[in-house]
Amino acid sequence: MDLKEQLEQLRQKHLEEIQKAVDLKEVNAQRVNLLGKKGALTEILRGMKDLTNEERPVVGSLANKIRDEFTQAIAKKTEEIEIAKTAKKLEKERIDVTLPGTAIKAGQPHILMQVIDDIEKLFLGMGYSVVDGPEVEEDHYNFEMLNLPQDHPARDMQDTFYITKQLLMRTQTSPVQARTMEKHDFSKGPLKMISPGKVYRRDTDDATHSHQFHQIEGLVIDKHITMADLKGTLEAIAKTAFGEEREIRLRPSYFPFTEPSAEVDVSCFRCGGEGCNVCKQTGWIEVLGCGMVHPNVLEMAGIDSKVYGGFAFGLGPDRFAMLKYGVDDIREFYLNDVRFLSQFNQKG
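Model, not experiment: these values are computed from the prediction. (Residues numbered from 1 in each chain as written. Predicted model: local features only at pLDDT ≥ 70, side-chain atom pairs only at ≥ 80, totals over all residues. Heavy atoms only, no water.)

Draft legend 1. Quick look at the nonpolar core. Counting 45 residues, the largest nonpolar core has Leu234, Val287, Leu288, Phe313, Phe320 and Phe333 as the members making the most contacts within it. Only helix H5 (111-125), strand E5 (212-222), helix H8 (227-242), strand E7 (258-267), strand E8 (284-293), strand E9 (309-315), helix H10 (317-325) and helix H11 (338-341) provide two or more residues apiece to this core. In terms of residue count, H5 provides more of this core than any other element does, 7 residues in total. Here Leu288 is in contact with Leu234, Ala262, Glu263, Val264, Phe313, Gly314, Leu315 and Phe320, once residues within four sequence places are set aside. (Core = buried A, V, L, I, M, F, W, Y, C linked by side-chain atoms within 4.5 Å. Buried < 20%, exposed > 50% of the residue type's maximum accessible area, 1.4 Å probe, protein only. Helix = DSSP H or I, 4+ residues; strand = E, 2+ residues; numbered from the N terminus. Contact = heavy atoms within 4.5 Å.)

Draft legend 2. Spatial organisation of helix H4 (residues 55-92). For H4, which comprises 38 residues, the first-to-last C-alpha distance of 55 Å matches the rise-based estimate of 56 Å (1.5 Å per residue) to within 8%. Taken residue by residue, H4 has Val59, Gly60, Leu62, Ala63, Ile66, Phe70, Ala73, Ile74, Lys77 and Ile81 as its buried positions. (Expected span 1.5 Å × (residues − 1).)

Draft legend 3. View of the pattern of salt bridges. Per the stated rule, a full pass over the model turns up 10 salt bridges. Note that Glu135 and Lys198 form a salt bridge whose closest N and O atoms lie 3.6 Å from each other. With a gap of 63 residues between them, Glu135 in the loop between strand E1 (129-130) and strand E2 (136-138) and Lys198 in strand E4 (residues 191-200) connect regions that are remote in the sequence. What makes Glu135 partly exposed here is its relative accessible area of 27%. Measuring nitrogen to oxygen at the nearest pair gives 3.9 Å for the salt bridge that ties Glu138 to Arg179. Here Arg179 lies in helix H7 (residues 174-183) and Glu138 lies in strand E2, a separation of 41 residues in the sequence. Residue Glu138 is classed as partly exposed on the basis of its relative accessible area of 35%. Assessed through its relative accessible area of 24%, Arg179 is described here as partly exposed. (Salt bridge = Lys/Arg side-chain N within 4 Å of Asp/Glu carboxyl O.)

Draft legend 4. Spotlight on a nonpolar patch on the surface. A contiguous nonpolar patch, built from Val136, Ile163 and Leu167 and spanning about 240 Å² of accessible area, is present on the exposed surface. The topology assignment puts Leu167 in strand E3 (residues 167-169). (Patch = residues over 30% accessible without salt bridge, like charges linked within 9 Å, V, L, I, M, F, W, Y side chains within 5 Å. Areas by Shrake-Rupley, 256 points an atom, 1.4 Å probe, with all protein chains shown as cover.)

Functional significance is not addressed by these values, which are geometric in nature.
Structural data, given as structure tokens:
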């Protein structure tokens, strides 16, 4: 049998075997047996050295043609097996899209963030800026710029976490106001800002105290600012947080950074002012502190206290949430218990 007959026989036999392959392992075996260094086609072509000059190009051309046919057949069979394998996998893993889907429960902002967002929206609507500041603060801004020098006894009420003698975890968000007052250009208009954020004090954690809590402090500085402006602002806060029917009253108090200073009570939203266990039968609930900015605070920030005046207030979103929703333990806000937090569905 000459080489041409051997090649034709090899083509017929192995093209059929390639088509009969059922997996990639068999196809790869055919490729090695036919086209490898020791494959059948290679063995046949070793006999070309015995051919005449006229026969060699004819047999060589046929061998190349058969090699191409084997290569194409192997590639085609490989593709067919891959497609069949994928189709089988898809059939096995098929999803019935007509079945009802698995509902994914959507999250919601934390109740404290909801309270903060509501107050921020109120003040943004009144033209205030929301200003952030560092939680690791300098003693200079946290105390001294707020009329609390080193030996001031009021510092004892804010005993806190010191990192160095000059660095501490801020006890209030008021230092943000001090920093902003230093930079504000009053030729471009009044300063109207709130500064929400976390604050830290060395308190023993219990139902009404926490070493970490939230504050929102507000500040307005301009010419001709009066207590009437402050009271109108506080009424807006009370109605936003506790309902349109709420009224407020101011009681004289003391804060080092304001003069005069006042504690603010809101009419009880549980009993409407008639007296209950929430308001301790008084009809009023204490909610925040406020006052007119102390001239010393203005002067230390480089503001002429004879020309400019202002008011400031500070409230606790944690306390607002406790009062509004009847939460009797502040620690509930920080335990991340979904059963507790999911009670406060965000409106809208």
